[in-house]
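# Structural overview
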Amino acid sequence: MSQATPAHKRVLLKLSGEALMGDDPFGINRDTIVRMVDEIGEVTRMGVEVAVVIGGGNIFRGVAGGSVGMDRATADYMGMLATVMNSLALGDTMNKAGLTSRVMSAISIEQVVEPYVRPKALQYLEEGKVVIFAAGTGNPFFTTDTAAALRGAEIGAQVVLKATKVDGVYTADPKKDPTATRYNRISFDEAMAKNLGIMDATAFALCRDQKLPIKVFSIVKHGALRRVILGEDEGTLVYA
């Protein structure tokens, strides 16, 4: 395969909110978000259509203490709003870097961002814009991993790229077990049987049922996103 030929035409990139913190205890680290946007820009210039779902842990962590004893649905709505804040920051950084982004929210806050409408999202992707899906699924009790699986299936993504702080799925926790080895690829069934905890059960089952592969890789590893897009040996592929 040619070095410049992407292995995927349309992808759903799942970023954790914590990934935006860099080495900070919470919030958004400017250098970190700029570097992520640079890497996303690099793959969009290859002609890859990129949609993003981002979590809210970096913001919600700061108020998590206050949510103790709170109604679960209320806490989840707070988390959704945190993802909107992250999405706005990501979109603004992209626009300043010369990319064209659109933030679409699953909950209605039209003075701030436009609502999620599937045909519009598909149109933006076909136009080469980066689409950022905010506010999770719009429902409490569902994680942003589930939102990534759902939106990935809806837009016809070829793969869900789960960006983490670890460079793939290992046989055991590499921090605790120095003999742990990284899987190059593993089936959904085997990952479930071994309880590897790649995504929450709802998200994982949705990807498996839709035969939507998941690629787990490290977002802190420079150039990893580009290597994943080019189909190189980076991260772990979970396949049906």
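Look above for the structure.
Reference entry: report on the structure contained in this document. (Residues numbered from 1 in each chain as written. Predicted model: local features only at pLDDT ≥ 70, side-chain atom pairs only at ≥ 80, totals over all residues. Heavy atoms only, no water.)

## Here we look at the layout of surface pockets
The space that makes up the largest pocket amounts to roughly 460 Å³. Together, 25 residues line the largest pocket, and Gly-56, Gly-79, Phe-142, Thr-143 and Thr-144 are the ones closest to its centre. Broken down by secondary-structure element, the contributors of at least two residues to the lining of the largest pocket are α2 (57-60), α3 (72-96) and α5 (144-154). The greatest single-element share of the lining of the largest pocket, amounting to 6 residues, is contributed by α3. (1 Å grid on protein atoms, 1.4 Å probe; cavity = no way out; pocket = protein on both sides within 12 Å on 5 of 7 lines; lining within 4 Å. Points joined across faces, edges and corners; volume = space filled by probe spheres on them. Helix = DSSP H or I, 4+ residues; strand = E, 2+ residues; numbered from the N terminus.)

## Some words on the pairing of strand β8 (residues 214-218)
Of all 5 residues in β8, 5 are buried, a share of seventy percent or more. Burial of the side chains of β8 extends over both faces: Ile-214, Val-216 and Ser-218 are buried on one face and Lys-215 and Phe-217 on the other. Relative to β8, strand β6 (residues 159-164) is paired through 5 bridges, and the arrangement is parallel. Paired with Val-160 across the bridge in β8 is Ile-214. As defined by bridge partners, β8 adjoins strand β9 (residues 236-239) across 3 bridges and the pair is classed as antiparallel. Note on β9: the bridge partner recorded for Ile-214 is Val-238. (Buried < 20%, exposed > 50% of the residue type's maximum accessible area, 1.4 Å probe, protein only. Pairing = 2+ DSSP bridges.)

## Some details on the pattern of salt bridges
One pass over the structure, following the stated rule, counts 16 salt bridges. Between Lys-129 and Glu-127 there is a salt bridge; the shortest N-O distance is 2.6 Å. With a relative accessible area of 42%, Glu-127 lands in the partly exposed category. For the salt bridge of Arg-208 with Asp-209, the shortest nitrogen-to-oxygen distance reads 3.8 Å. Judged by its relative accessible area of 29%, Arg-208 is partly exposed. The class for Asp-209 is exposed, based on a relative accessible area of 52%. (Salt bridge = Lys/Arg side-chain N within 4 Å of Asp/Glu carboxyl O.)

## Thoughts on the packing of aromatic side chains
Per the stated rule, a full pass over the model turns up 2 aromatic pairs. Geometrically, the ring pair formed by Tyr-116 and Phe-133 is edge-to-face, given 5.4 Å between the ring centres and 90° between the ring planes. You can see Tyr-116 sitting in the loop between β4 (114-115) and α4 (118-126) and its partner Phe-133 sitting in strand β5 (residues 130-134), a full 17 residues away along the chain. Of the two residues, Tyr-116 and Phe-133, both sit in the buried class. An angle of 65° between the planes, with centres 5.0 Å apart, marks the rings of Phe-188 and Phe-204 as edge-to-face. Note that Phe-188 is positioned in helix α6 (residues 188-193) and Phe-204 in helix α7 (residues 201-209), a separation of 16 residues in sequence. (Phe/Tyr/Trp six-rings, centres within 6.5 Å; stacked < 30°, edge-to-face > 60°.)

## Some remarks on unusual backbone geometry
Here the phi dihedral of Ala-135 falls at roughly 70°; this positive angle occurs in a residue that is not glycine. Topologically, Ala-135 is positioned in the loop between β5 and α5.

## Describing the packing of α5 against α7
For the pair α5 and α7, the least separation of the axes is 8 Å and the interaxial angle reads 15°. Between α5 and α7, the angle falls in the class roughly parallel. The hand of the α5/α7 crossing is left-handed. Note on element contacts: α7 touches α5 through Thr-202, Ala-203, Leu-206 and Cys-207, opposite Asp-145, Thr-146, Ala-149 and Leu-150. Considering only residue class, the contact of α5 with α7 consists of 5 nonpolar, 2 polar and 1 charged. (Axes fitted to C-alpha atoms, helices over the stretch in contact; angles between N-to-C directions. Parallel < 35°, antiparallel > 145°, perpendicular 65-115°, else oblique. Left-handed = near helix turned anticlockwise from the far one by under 90°. Contact = heavy atoms within 4.5 Å. Nonpolar A, V, L, I, M, F, W, Y, C, P; charged D, E, K, R; others polar.)

Remember that the coordinates give geometry; whether it matters functionally is a separate question.
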